[in-house]
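# Remarks on the overall topology
For reference, the chains in residue letters:
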Amino acid sequence: MEPASTTSTRAPVIEPLTGVETAAERARHRGLPDPADVVMECLGLNVFYGSFHAVHDVNLSFGRNEITALIGPSGCGKSTVLRCLNRMNDLIPSARVEGEVTYDGIDIYGRAVDPIEVRRRIGMVFQKPNPFPKSIYDNIAYGPKIIGMDGDMDHIVERALRVTALWDEVKDRLDDNAYGLSGGQQQRLCIARCIAVSPDVILMDEPCSALDPVSTSRIEDLMVELKERYSIVIVTHNMQQAARVSDRTAFFTASPDETTGNRTGMLVEYDKTARIFTNPVDKRTEDYISGRFG
Amino acid sequence: MNNRVTSERTRLAVAGARSGAVSLDRQPTGEIVRGRIFWALLLLAICIALLGLALVLVDAILDGRQRFGLDLFTQKSSSFLPESAGFQNAILGTLWVIGGVILFCVPIGVGAAIYLEEYAAKERWWSRLIEVNIQNLAAVPSIVYGILGLAFFVRGPFGLGRVALAGSLTLALLVLPTVIIAGREAIRAVPPSIREGSLALGATQWQTIWHQVLPAAVPGVVTGVILAVSRAIGETAPLLLVGAATFVTYNPSGPMSGYTVLPVQIFNYFTRPQDEFFALAAAGVLVMLVVLLAMNSFAIWLRNRYEQKW
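Just so you know, these numbers come straight off a predicted model, no measurement behind them.

So, on to helix α4 (residues 88–119) of chain B. The terminal C-alpha atoms of α4(B), which comprises 32 residues, lie 45 Å apart, in line with the 46 Å expected from a rise of 1.5 Å per residue. At Cys105(B), α4(B) is deflected by roughly 30 degrees, the largest bend along its length, and proline Pro107(B) occurs up to four residues later in sequence.

Structure below.
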């Protein structure tokens, strides 16, 4: 067992299971989302780029109306896992996905599943703000238009901009090119664009890494507001950010293969954010969050 | 005493070492001379290029200035009346031919560029083969296209005869590789993040290309098309083979009409013995230069005006 000195600094020891709990109780005990509240789940997820094994056997469930953070050192496969969740990896010809990724219990890699339908329900915000080279209005209206959404377009645009607190800043220049906005505004525009098509899940791939601290904190506030209506999965390099906004945190790392030396990403630990940052079970998690590597 | 001498020596040594190590003075080394020579060679290159252009311009202006005027555009060609002969039918012929070229090469060229950039599996050998071949086609001598046009469009399967449409089709084939290459570059310049952003909203690949990639690539495509077309305007050799060599004195009535084009008309005038025709030909060169200059300037303006900074 662990030395007494280590345990004394840690949070209260969790009572062991007695074996008579329900599935929900077992999940709660392990820091996982209640099975009834799981919106997406990875089951035995393996990802390959050609012959390179990028992600090894990830089992991970994402809670509805929660923010789940994926953290870990560079090259640990967290972005790869994120991009599997709405089949953005399909765009890389050499990428191959094994295992299951379920959304509402349906395997999104199933034979009959259309990736277009998947992406309409599971939106994505990227690392670098990527507004379209069009007007602010058209940036928001594009998504609803192409998926043939009903309703007054002006209303849809205004609602999306209000949700992201951009409305007051841009309402007088909706016809201006989106590239005239600041980096933080552009990123909020991208979030508004994503919200405009009414997705269920929003994936964010290091959404603040290109932004200044003030813009970052605005986006973080926005995320906390958004989780009332959406489920959010965020990849971040910023551990403070994960600690500030997320409900649960998954820690990934990369371990070199003995024969090839390739670094394959894997999930080390998944738990409530508070527990990951105060009382991690795995030594590697503790080393990473205390800044000893990565 | 001894001590002071030592310290004096030390100070000197330090000062000496410093003066040797840090000097910001310009050193007359071989590097600088080589740099100067390189600079001079580059300057010479640009001077030769500009000189060639200037010579053509000056020569054309000197020879053609007394014949340069509006009547060049209003008078038809003639083989025996140099004073009243003009280029009207040749200019109209050029317009018909070039209109046809644009009509054929833009949709086909842009379509091919989209396929190669957005759909083709780039790492496959056949994609590379196609790419190398297109680049080769861009370098094929234009007379080869003339022979092809003669065999296919004028006679052979199409059997159009010596008409403007045959010239259009031949020149369209000639500039197609240029349009495809320019189109591919314009499409490639649209960053992948734009495609990802569109696809992540649930757009299909077709919607992404039509609504995002193509509009962003339009300035580049148009620039490429204008440059390709201005090459087509100046082409003479292939058109000599597909019908433009006939000396016509009437305006073309449409794509199925007999025709001649500006450079061919200039060539025809130059071959006449009279000095008046020589001046007329030089004036025609001026007309062509003005047209080409205007088109290329328009292409540059368009590129600067609509270029998207990412």
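From this point on, the discussion continues.
So, on to the pattern of salt bridges. Residue and element names in this part refer to chain B. Tallied over the full model, the rule gives 23 salt bridges over all chains. The salt bridge involving Arg34 is made with Glu31; its shortest N-O contact spans 2.8 Å. Linking Arg34 with Glu31, this pair stays in helix α2 (residues 30–64), spanning 3 residues, or about one helical turn. A salt bridge links Glu117 to Arg184, with the nearest nitrogen and oxygen atoms 3.0 Å apart. Taken together, the positions of Glu117 in helix α4 and Arg184 in helix α7 (residues 164–188) put the pair 67 residues apart, joining distant regions of the chain. Residue Glu117 is classed as buried on the basis of its relative accessible area of 8%. In this structure Arg184 comes out as buried when scored by relative accessible area, which is 8%. Within this structure, Glu117, Glu131, Arg184 and Arg188 form a network of salt bridges that share partners.

All right, on to the sheet that holds strand β9 (residues 248–256) of chain A then. Residue and element names in this part refer to chain A. Taken in spatial order, the 10 strands line up as β5-β4-β1-β2-β10-β9-β3-β8-β7-β6 in an open sheet, and their pairing is mixed. Looking at which strands have only one partner, the edges of the open sheet turn out to be β5 (106–107) and β6 (122–125). The sheet contact formed by strand β1 (residues 38–49) and strand β4 (residues 95–103) spans 8 bridges and is antiparallel. Residue pairing across strands places Leu43 opposite Glu100, the latter belonging to β4. The strands that helix α8 (residues 183–196) touches are β6 and β7 (201–205); relative to β6, the one it contacts most, it runs at about 170 degrees. Running at roughly 145 degrees to strand β8 (residues 231–235), helix α9 (residues 213–226) makes contact with β3 (67–71), β7 and β8 of the sheet.

This brings us to the environment of Ala282(B). All names here are of chain B. Of note, Ala282 is situated in helix α12 (residues 275–306). Taking the C-alpha atoms as reference points, Ala282 and Glu83, separated by 199 residues in sequence, lie 14 Å from one another. Every residue in contact with Ala282, bar those within four places of it in the chain, is listed here: Ala60, Asp63, Gly64 and Phe270.

Counting 70 residues, the largest nonpolar core has Phe87(B), Leu239(B) and Tyr259(B) as the members making the most contacts within it. Tyr259(B) has contacts with Val97(B), Arg162(B), Val163(B), Ala164(B), Gly167(B), Leu239(B), Val242(B), Gly243(B), Ala244(B), Thr246(B), Val248(B) and Pro252(B), leaving out every residue within four places of it along the chain. Residues Cys42(A), Leu45(A), Leu60(A) and Cys76(A) belong to the second largest nonpolar core, which totals 36 residues.

So, how was this worked out
- Residues numbered from 1 in each chain as written.
- Chains lettered and ligands numbered in written order.
- Predicted model: local features only at pLDDT ≥ 70, side-chain atom pairs only at ≥ 80, totals over all residues.
- Heavy atoms only, no water.
- Helix = DSSP H or I, 4+ residues; strand = E, 2+ residues; numbered from the N terminus.
- Expected span 1.5 Å × (residues − 1).
- Bend = angle between axes of the 7 residues up to and from the residue.
- Salt bridge = Lys/Arg side-chain N within 4 Å of Asp/Glu carboxyl O.
- Buried < 20%, exposed > 50% of the residue type's maximum accessible area, 1.4 Å probe, protein only.
- Pairing = 2+ DSSP bridges.
- Contact = heavy atoms within 4.5 Å.
- Axes fitted to C-alpha atoms, helices over the stretch in contact; angles between N-to-C directions.
- Core = buried A, V, L, I, M, F, W, Y, C linked by side-chain atoms within 4.5 Å.

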